[in-house]
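In case you want the letters, here they are:
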Amino acid sequence: MNILLAMIPAFFWGTTYAVTQYTLADWPPLLLGAFRALPAGLILLAIKPSLPSKGDWQILFSLGLINIATFFGLIFVMALTLPSAISGVGMISVPVFAMLYNWLGNKHRPSLTQTLSGAALIALAWMLFDPASISLSPLGLSAMLGAIMCIVVGSSITKSLGNRIHWWTVLTWQLILGGLCLSIAAGVQATMEPDKYAAVFEQMTLTNIYGLVWVVGLNTAFGYGMYVWLLQRMSVVDFTFGGIANPIAGIVCGLILLGESFTPFQYSLMFGMIVMSLMPQIVLTLRQHRLRAAAVSQ
């Protein structure tokens, strides 16, 4: 059941790429990140006020820097430089990096099914992102790799705080602190490129406002609320496999909002990556079902 719940925030996150290109295409990534993080954090603080203890500020600042400031900035670079479907499908590689991180950092060896599924994901991604078959921005691909690492490291830190800090406090203050970092960075960039920032506010449209409401309300306040709550109830690797909804949202929204289309072979590679990302959870579920059935029969 938790895997299904994990698909809800993942679906909203998967809409980020197409919604950004459709409603906020000319906005600088740092400004988008600041608008996404800080208002959402302040909304959550108003809903349920909380204040970290003195000894928790440093870890929350680190979490906000990794999980929010850096990640949000990279996500919007991806959203503005890569096709929505590619961004969503590319982020499905997170479980592979999560398994490697847990293996090397925490000595948690992946199962045979996870290893084979991860290897298949890498092979399919290699074919999908082949420069000979599709032209993709190197900047966008680099941002994707950085964003994946932010998810893995940030999720591990978030989970480690489960017994120390209430999940609402973690959620609220990582957004506020990360949003403040992004706001400062955006302010510095605005002094260097004032015309770009002036154009954003002078040409504000209703479409821009709709996009901001979607990104701040559903993608962030609601999506991250579910994210932090679920991480206290399931493993990081299991949560990342719930991210299957991310590429589905990216593909569907890219098709509907942006008119993106790919070859049948490219769609088959995307579908293959989605199936491989689900395979470990499917095998585990079937194994648990057999064990329960055997226990009942005895």
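In case you missed it, the structure is sitting above this.
Bear in mind that the values here come from a model prediction, so they are computed numbers and not experimental data.

What counts and what doesn't
- Residues numbered from 1 in each chain as written.
- Predicted model: local features only at pLDDT ≥ 70, side-chain atom pairs only at ≥ 80, totals over all residues.
- Heavy atoms only, no water.
- Core = buried A, V, L, I, M, F, W, Y, C linked by side-chain atoms within 4.5 Å.
- Buried < 20%, exposed > 50% of the residue type's maximum accessible area, 1.4 Å probe, protein only.
- Helix = DSSP H or I, 4+ residues; strand = E, 2+ residues; numbered from the N terminus.
- Contact = heavy atoms within 4.5 Å.
- Salt bridge = Lys/Arg side-chain N within 4 Å of Asp/Glu carboxyl O.
- Expected span 1.5 Å × (residues − 1).
- Arc of directions from axis to C-beta.
- Disulfide = S-S within 2.5 Å.
- Polar contact = N/O pair within 3.5 Å; in protein donor to acceptor, adjacent residues only side chain to side chain.
- Patch = residues over 30% accessible without salt bridge, like charges linked within 9 Å, V, L, I, M, F, W, Y side chains within 5 Å.
- Areas by Shrake-Rupley, 256 points an atom, 1.4 Å probe, with all protein chains shown as cover.

Trainee: Outline the nonpolar core, supporting the account with residue identities and numerical values.
Mentor: Of all hydrophobic cores here, the largest spans 65 residues; its most connected members are Phe71, Met78, Ile86 and Met91. The biggest single contributor to this core is helix H4 (residues 57-81), with 10 residues. With residues near it in sequence (within four places) discarded, Met91 still touches Tyr17, Phe71, Ile75, Met78, Met144, Ala147, Ile148 and Ile151.

Trainee: Can you lay out the environment of His108 for me, pointing to particular residues and giving the numbers?
Mentor: If you trace the backbone, His108 turns up in the loop between helix H6 (94-106) and helix H7 (112-128). Taking the C-alpha atoms as reference points, His108 and Tyr210, 102 residues apart in sequence, are found 43 Å from one another. Discounting residues that sit within four places of it in the chain, His108 has contacts with Met99, Asn102 and Trp103.

Trainee: Explain the pattern of salt bridges to me, and be specific about the residues and the numbers.
Mentor: Tallied over the full model, the rule gives two salt bridges. Taking the shortest distance from any N to any O, the salt bridge between Arg164 and Asp56 comes out at 2.9 Å. Of the two residues, Arg164 sits in the loop between helix H8 (138-160) and helix H9 (167-192) while Asp56 sits in the loop between helix H3 (29-47) and H4, which places them 108 residues apart along the sequence. Given a relative accessible area of 52%, Arg164 falls into the exposed group.

Trainee: Lay out the side chain of Asp56 in plain terms, naming residues and giving numbers.
Mentor: We classify Asp56 as buried; its relative accessible area is 9%. Not counting chain neighbours up to four residues away, the residues in contact with Asp56 comprise Arg164 and Ile165.

Trainee: Can you tell me about H7, naming the residues and giving the values?
Mentor: With 17 residues, H7 extends 24 Å from end C-alpha to end C-alpha; this agrees with the ideal 24 Å at 1.5 Å per step. Considered for burial, the residues of H7 that qualify are Gln114, Ser117, Gly118, Leu121, Leu124, Ala125 and Leu128. Seen from one end, H7 has its buried residues packed into an arc of 130°, which puts them on one side. Turned more than 90 degrees away from the buried face of H7 sit Leu112, Leu116 and Trp126, all of them exposed.

Trainee: Go over the state of the cysteines, please, and point to the residues and values.
Mentor: According to the stated counting rule, one finds zero disulfides in the structure shown. Counting only cysteine sulfurs, Cys150 is the nearest neighbor of Cys181, a cysteine outside any disulfide, at a range of 13 Å.

Trainee: Tell me what's going on with the environment of Thr81, and back it up with residues and numbers.
Mentor: Mapped onto the elements of the fold, Thr81 is located in helix H4. Put simply, Thr81 and Tyr17 are 64 residues apart on the chain and 9.5 Å apart in space, counted from C-alpha to C-alpha. Setting aside anything within four residues of it in sequence, one finds Thr81 in contact with Ser137, Leu139 and Gly140. Polar side-chain contacts of Thr81 include one of 2.6 Å to the backbone oxygen of Val77.

Trainee: Give me the lowdown on the environment of Leu38, citing residues and values where you can.
Mentor: Inspection of the secondary structure assignment puts Leu38 in helix H3. Each C-alpha atom of the pair Leu38 and Asn219 lies 13 Å from the other, and the pair is 181 residues apart in sequence. Here Leu38 is in contact with Leu175, Ile176, Gly179, Leu180 and Ser183, once residues within four sequence places are set aside.

Trainee: Got a sec to walk through the side chain of Thr220? Specific residues and values, please.
Mentor: Among the structural elements, Thr220 can be located in helix H11 (residues 206-231). A distance of 2.7 Å separates a polar atom in the side chain of Thr220 from the backbone oxygen of Val215. Residues in contact with Thr220, not counting those within four places in the same chain, are Arg36, Ala40, Phe72, Leu175, Val215 and Gly225.

Trainee: Which residues make up a nonpolar patch on the surface, and what are the values?
Mentor: Side chains of Phe201, Met204, Leu206, Ile209, Tyr210 and Val213 sit close together on the surface and give an oily, nonpolar patch of about 600 Å² of accessible area. With four residues, the top contributor of residues to the nonpolar patch is H11. Mapping Phe201 onto the fold places it in helix H10 (residues 194-202).

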